[in-house]
Amino acid sequence: MDPVDGAHEPAGEALAFQDCRIRATIDLRVYRLSAVQKAAYRVADKCTAVLGALHGDSVPITLIFPPSSTESDALETARRFFQEALDQELREKIGEETAPLRPCCSRTPSLEPSSLRPDVTHPIFQPRAAFIPRANYRLLPFRFGRLDGETILATNDVGEHVLLERSELQAFVERRLAPGSSLYRTLKSRHFLYDDDSTVALDLLALKYRNRAEQVAAFTGLHIFVVTLRCDHSCQYCQVSRQSEDRARYDMSEEHADKAVDLMFQSPNENLKLEIQGGEPLLQLPLIRHIAERARRRSEEHHRNLQMVIATNLSRLSDEALSLCEEHRICLSTSLDGPADLHDRQRPAREGSSHARMVEGIRRAREALGPEAVSALMTTTPASLDRVEDIVDEYVRLGFHSIFLRSLSPYGFAARSLVHRYGVDDWLRFYRRGLARILDIHRSGYALREEATTILLQKILSPLGSTYVDLQSPAGIGIGALVYNYDGAVYASDEGRMLAEMGDESFRLGHLDRDSYEGLMTSEALLAPLSETILEGMPMCTDCPFVPYCGADPVYHRATQGNAVGHKAFSAFCAKQMGMLRHVIMLLERDAANREILLDWAAGG
Amino acid sequence: MLVKLHARGLRSLGTTSPGPFVGRISESAGDKGACSGEELLLVKAEASALPPGYLGYLLYHPTDVGSLRDAYVLGPEQRHLQHGDVVRIDPARGGISSIYRAASRHNTLLVTERCDNLCVMCSQPPRVQDDSWLADELERAIVLIPKDAVELGITGGEPALLGARLVRILTLMRDHLPRTAVHILTNGRRFAEPAFAGAMGAIGHPDLMLGIPLYSDLPEEHDYVVQARGAFDETVRGILNLKRKRLRVELRFVIHRDTAGRLPDFARFVARNLTFLDHVALMGLEVMGFAKTNLDTLWIDPLDYQPELAEAIRTLRRANMAVSIYNHQLCTLDADLHPFARKSISDWKNCFFAECEGCARKDDCGGFFVSSSARRSRGIRPLPPGAPTR
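Residues numbered from 1 in each chain as written. Chains lettered and ligands numbered in written order. Predicted model: local features only at pLDDT ≥ 70, side-chain atom pairs only at ≥ 80, totals over all residues.

## Quick notes on the overall build of chain A
For chain A, the count of helices and strands is 22 helices and 19 strands. Relative to the globule expectation of 25 Å for 605 residues, the C-alpha radius of gyration of chain A, 27 Å, shows essentially globular dimensions. Taken along the three principal axes of its C-alpha coordinates, chain A extends 80 × 75 × 55 Å. Long-range pairs, those at least 24 residues apart, make up 71% of the contacts in chain A with a sequence separation of at least 6. (Helix = DSSP H or I, 4+ residues; strand = E, 2+ residues; numbered from the N terminus. Rg over C-alpha atoms; globule rule 2.2 N^0.38 Å. Contact = placed C-beta atoms within 7 Å.)

As structure tokens, this is what we get:
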């Protein structure tokens, strides 16, 4: 075996697939054992790797595949395994060199004033070449992975990224880059290396790391009030709403609402967002008024910026509701799944077309509250998959300038069965097609923006990342969002309360009647999954170049794998995030026509 | 109007002080009575007798000065002097220099000509001599500057080489000119010393901004431009230390052949690392001093860096940073960059050339340095009327 570029499998011996097995021998002079183990972990969704007994410098390995595997799939997996082992070997090398720097970058380095004396006397200018650093650079901490074929994505802890070829990566790590080369300069400018001439990269890394991490300290900004579970729609993918008229059973009480508002203002966050949810919240209009008035009063007392939004299907948008929104500057967020036939099928209502009533609601809300008062979200079901262009066009037809392409969440049994009817690849195809359509429309002159992409772009391009609750590390549960359920229970996230509807109360932090703010925020139900799932320390994530752009989703992994961490090789969340990020980064770096639009989206334009 | 800030040609009418001195010009004789002895009476009309008690007298017409000291007839280039100006008179040379001009918004106080950088395009090449007399004189001048002065610049050389003395000068300005904005041009290197940056912050000046040049995202490039190894690190650390003390800092990037190419990388670096800065100025070359000496290697026509400049501006704006283009004529900038162009050239060295004849945008345009007579863009031409820039 030869650790040169492109050698991904043992040279000289062709891999054979026999009895659902592939056997090979690992040369431990090329791969260290930890690299082999990590590579095996990464392909665990395809095969089980069994290591044999050590013979000198070599160890036998058997990749065991499930009976359904085809030969070509198995050989492809084996190829990936050896590629991973080789990449992992390089990561170990980078890790060894940069490990001592990490703690140094994440705290304020001491400022050492240089000993250089003012040198005023030289009347002759030195040429540029005199300032080129000596070829003696050191690596700064970074992660890498395959973006596309031999193209490598490298990222550092503060979210800067560089694209390079595998051979260039190897040359970089082995310190073979010339200081004047453009790759050297890019890597230096973005703080992947430093040299003898300058150590200020460490100061800047520390600063950026602190600024990015400091977002966590702002604490809970999003507060979700589930004012009722009752709803007049029976959407396929919803597990929480009830068709009941039983007010006492499924409505939030005024007493709980008061406690929740008061709790919300114990968060130190200066910018608070209050989201009214259901069921269909407009069935509880008097309670919404009560909450809005109390929250307004509290925001003035506590000097906070308060933003309020009602998530509604708009079927019950009375004049009274509109005047409440106007009085308290409340925005409306609705669900729009696509053209009437698709929307009505996915979101059936008892009293006729939900689509027609929503369109009418949008018109009236815009008339009363202004063109920006209503936003919309869509949910992708198997029926949506072939119709992304129709869906995008429907948003444009209805005058929206923003669309959020969302895949289904696996909460609730109906949703779960829908999720099983399409895979991550189906979703990614849907997303890529939809994004292409949106970019085309934007380029043709109608301002349109895709929100999931925008969040990823902000994470990639902004030094501070994004505050989007679902993509944070540590996770956004509790510290990013809190949910006050209709019955007074407090959950760490909206998905957490849905999980509870399925009988898993893992993310129930406590109850408004019994628990203080301090009690809720220091409950084991919150602290344990937070500390367990910090991405930088999770298996596979720890080596993944997408880490600065991704987030921990303990609720998802609890729901799908039974524990908050999850094995990422089996995680559809992981596959979806990586797929979307790959696509966005390729567009950003390889598609000049769309790059400028994406940069504008990230900047909020 | 172009004015000469330093001019000779004072003609003394009687006895003079032995050395240079600083005073404030007053045009209103009498109302002060026995004035503080800091004022120089400016007399434009023919006068038969001068009131006593002034530090000196500046006259348009010779007259009998009797036993009064320091009475001078102004030369033709000195008639721009007016009430409220603060000047330095050098009797031995017959010289008078404006330290502060009441009629101008571009008043700059030179605190030293020494510098620890030696920028390849420096418009005011540094000197090595001890010039601490400049600071001495400034301390006397500051207390004379009228309290309604809008803005004062402090420049060098490198003002921070004054160390604690600079802190003293700024403290004096805080106390005597609390309503005057102060802008310091510094390379920032000395503020890499946290204690010095801390002392600057501790002054608590109500309206202070530090303009700091940074010429590249790469240390080797910046160090080459300023001809000092390690300067990039010190400047960046200086900037960070000043911001830690909540002082306002703007970056100043001079565009020339050695810096234009990495302008987009520079902007990206700033947007990623230094987003918290208060302003970024992207500046055209002033063809003075070393810039003139090195003009053939430094010159690049602004028309030839428009794409880089436009990309840099887009990057900085997307990061929500305040950004300006200085020292560029509108006809050398793409139309979508016009909103960022400022009239940045100080009045005393600002002009237009013959090519501007008939231009409809002259009032919106910052024009040229007088020194641009040496080299101008091939794009200079009269523009048709367009949307006014801000």
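## Quick word on the interface of chain B and chain A
Between chain B and chain A, the residue contacts involve 32 residues of the former and 30 residues of the latter. If you list the elements that add at least two residues to the side of chain B that touches chain A, you get helix H4 (219-226), helix H5 (231-244) and helix H6 (263-273) of chain B. Take the side of chain B that touches chain A: its biggest share by element is six residues, from H5(B).

## Considerations on H4(B)
All names here are of chain B. Of all eight residues that make up H4, eight are buried, and the element is covered over most of its length. Check the buried side of H4 and you find it contacts H5. Taken from the residues just after H4, glutamine 227 is the one with a positive phi, measuring 55 degrees. (Buried ≥ 20, exposed ≤ 12 C-beta atoms within 10 Å, placed from the backbone.)

## Some thoughts on the pairing of strand S7 (residues 151-156) of chain A
Residue and element names in this part refer to chain A. Counting buried positions along S7 gives five out of six residues, so the element sits mostly inside the fold. Across six bridges, the pairing between strand S6 (residues 142-148) and S7 is antiparallel. Across the sheet, the residue bridging to glycine 145 is leucine 153, located in S7. Here S6 hands over to S7 after two residues, with glycine 149 in that stretch at a positive phi of 60 degrees. (Pairing = 2+ DSSP bridges.)

## So, the sheet that holds strand S8 (residues 161-165) of chain A
All names here are of chain A. Read across the open sheet, the three strands follow the order S6-S7-S8; overall the sheet is antiparallel. At either end of the open sheet lies a strand with only one pairing partner, and these are S6 and S8. Taken pair by pair, the neighbouring strands of this sheet meet at an average axis angle of 30 degrees, ignoring direction. Contacts from helix H4 (residues 166-173) reach S6, S7 and S8 within the one sheet, and its direction differs from that of S8 by about 110 degrees. (Axes fitted to C-alpha atoms, helices over the stretch in contact; angles between N-to-C directions.)

## Some details on the environment of B:Pro125
Residue and element names in this part refer to chain B. In this structure, proline 125 sits in the loop between strand S9 (107-110) and helix H1 (132-142). Sequence separation of proline 125 and leucine 50 is 75 residues, and the distance between their C-alpha atoms is 43 Å. Beyond its immediate chain neighbours, meaning those up to four positions away, proline 125 contacts Gly289 and Phe290.

## Re unusual backbone geometry
In this chain, A:Gly278 is followed by A:Gly279 through a cis amide linkage whose omega measures 15 degrees. Looking at where A:Gly279 falls in the secondary structure, it is placed in the loop between strand S11 (271-277) and helix H9 (285-301). The residue after A:Ser473, namely A:Pro474, is reached through a cis peptide bond having omega 0 degrees. For A:Pro474, the location among the structural elements is in the loop between helix H16 (451-461) and strand S17 (481-484). Residue A:Arg175 is not a glycine yet carries a positive backbone phi of 60 degrees. Inspection of the secondary structure assignment puts A:Arg175 in the loop between H4 and helix H5 (182-189). Positive phi, normally seen in glycine, also occurs at B:Asn327, with a value near 60 degrees. With respect to the helices and strands, the residue B:Asn327 is situated in the loop between strand S15 (323-326) and strand S16 (350-351).

## Some remarks on the nonpolar core
Generally speaking, a soluble globular protein has its nonpolar side chains buried in company with each other. By size, the foremost hydrophobic cluster in this structure holds 242 residues, and its most contacted members are A:Phe225 and B:Leu316. Ranked by residues supplied to this core, first place goes to helix H21 (residues 572-590) of chain A with nine residues. The residues touching A:Phe225, leaving out its near neighbours within four places in the chain, are A:Met252, A:Ala257, A:Ala260, A:Leu274, A:Ile276, A:Gln277, A:Ile291 and A:Tyr484. The next biggest cluster of nonpolar side chains, apart from the first, holds 18 residues, and it includes A:Leu63, A:Ala74, A:Ala78 and A:Leu86. (Core = buried A, V, L, I, M, F, W, Y, C linked by C-beta atoms within 7 Å.)

## Some points on the confidence of the model for chain A
When pLDDT is averaged along chain A, the result is 91; 93% of the residues meet or exceed 70. Here residues 1-8 of chain A is modelled with pLDDT under 50, and outside its nearest four sequence neighbours on either side it reaches 17 contacts, counting other chains as well. (pLDDT = per-residue confidence, 0-100.)

## Side note on the pairing of strand S10 (residues 151-155) of chain B
Remember that side chains alternate between the two faces of the sheet whenever the strand is regular. All names here are of chain B. Note: S9 against S10, four bridges, orientation parallel. Across the sheet, residue leucine 109 finds its bridge partner in S10, namely isoleucine 154. Crossover handedness for the path S9 to H1 to S10: right-handed. Judged from the four bridges that link them, S10 and strand S11 (residues 181-185) form a sheet pairing that is parallel. Counterpart to glycine 153 in the pairing with S11 is histidine 183. (Right-handed = clockwise from strand over helix to strand, strands pointing away.)

## Focus on helix H17 (residues 494-501) of chain A
Along an α-helix, residues three or four apart share an orientation, since each turn contains 3.6 residues. Residue and element names in this part refer to chain A. Counting buried positions over the eight residues of H17 gives six, a clear majority of the element. Inspection of H17 places Asp494, Glu495, Gly496, Arg497, Met498 and Leu499 among the buried residues, and these make up the whole buried set. Against strand S10 (222-226), S17, strand S18 (489-491) and helix H20 (554-561) lie the buried residues of H17. Of the residues trailing H17, glycine 503 is marked for its positive phi of about 100 degrees.

## Concerning the confidence of the model for chain B
Of all residues in chain B, 96% have pLDDT values of 70 or greater, and the mean over the chain is 92. Scored as a complex, the prediction yields pTM 0.92 and ipTM 0.91.

## Thoughts on the packing of helix H1 (residues 33-42) of chain A against helix H2 (residues 71-98) of chain A
Residue and element names in this part refer to chain A. Contact pair H1 / H2: the axes reach a minimum separation of 8 Å and the direction vectors enclose 130 degrees. The angle between the axes of H1 and H2 places the two elements in the oblique class. For the pair H1 and H2, the crossing hand works out as right-handed. Residues Ser34, Ala35, Val36, Lys38, Ala39 and Arg42 of H1 touch H2, and the partners they reach there are Phe81, Glu84, Ala85, Gln88, Glu89 and Glu92. Its residues assigned to classes, the contact of H1 with H2 comprises five nonpolar, two polar and five charged. (Parallel < 35°, antiparallel > 145°, perpendicular 65-115°, else oblique. Left-handed = near helix turned anticlockwise from the far one by under 90°. Nonpolar A, V, L, I, M, F, W, Y, C, P; charged D, E, K, R; others polar.)

## Here's the deal with the sheet that holds strand S13 (residues 330-335) of chain A
Residues and elements named next belong to chain A. Judged by pairing direction, the sheet is mixed, and its eight strands sit side by side in the order S14-S13-S12-S11-S10-S17-S18-S19 without closing on themselves. With partners counted over all chains shown, the strands left at the sheet margins are strand S14 (374-377) and strand S19 (508-511), one partner each. Across the sheet, the axes of successive neighbouring strands diverge by a mean angle of 25 degrees, strand direction being ignored. Inspection of the sheet shows S17 paired to S18 by two bridges, in the antiparallel sense. What sits directly across from tyrosine 484, in S18, is valine 490. Across the sheet, H9 is in contact with S10, S11, strand S12 (305-311) and S13; its angle to S12 comes to roughly 165 degrees.

## Notes on the packing of helix H8 (residues 254-264) of chain A against H9(A)
All names here are of chain A. Put simply, H8 and H9 touch, their axes get as near as 10 Å, and they point 25 degrees apart. Viewed along their axes, H8 and H9 adopt a mutual orientation that is roughly parallel. Relative to H9, H8 is oriented so that their crossing is right-handed. Contacts between H8 and H9 involve Glu254, Ala257, Asp258 and Val261 from the first element and Leu287, His290, Ile291, Arg294, Ala295 and Arg298 from the second. When the residues that make up the contact of H8 with H9 are grouped by side-chain class, the tally is five nonpolar, one polar and four charged.

## A word on the environment of A:Leu140
All names here are of chain A. Summarising the element assignment, leucine 140 is placed in the loop between strand S5 (138-139) and S6. Taking the C-alpha atoms as reference points, leucine 140 and leucine 202, 62 residues apart in sequence, are found 8.7 Å from one another. In this structure, leucine 140 is in contact with Thr98, Leu101, Asn156, His191, Phe192, Leu193, Tyr194, Ala201 and Leu205, ignoring residues within four places of it in sequence.

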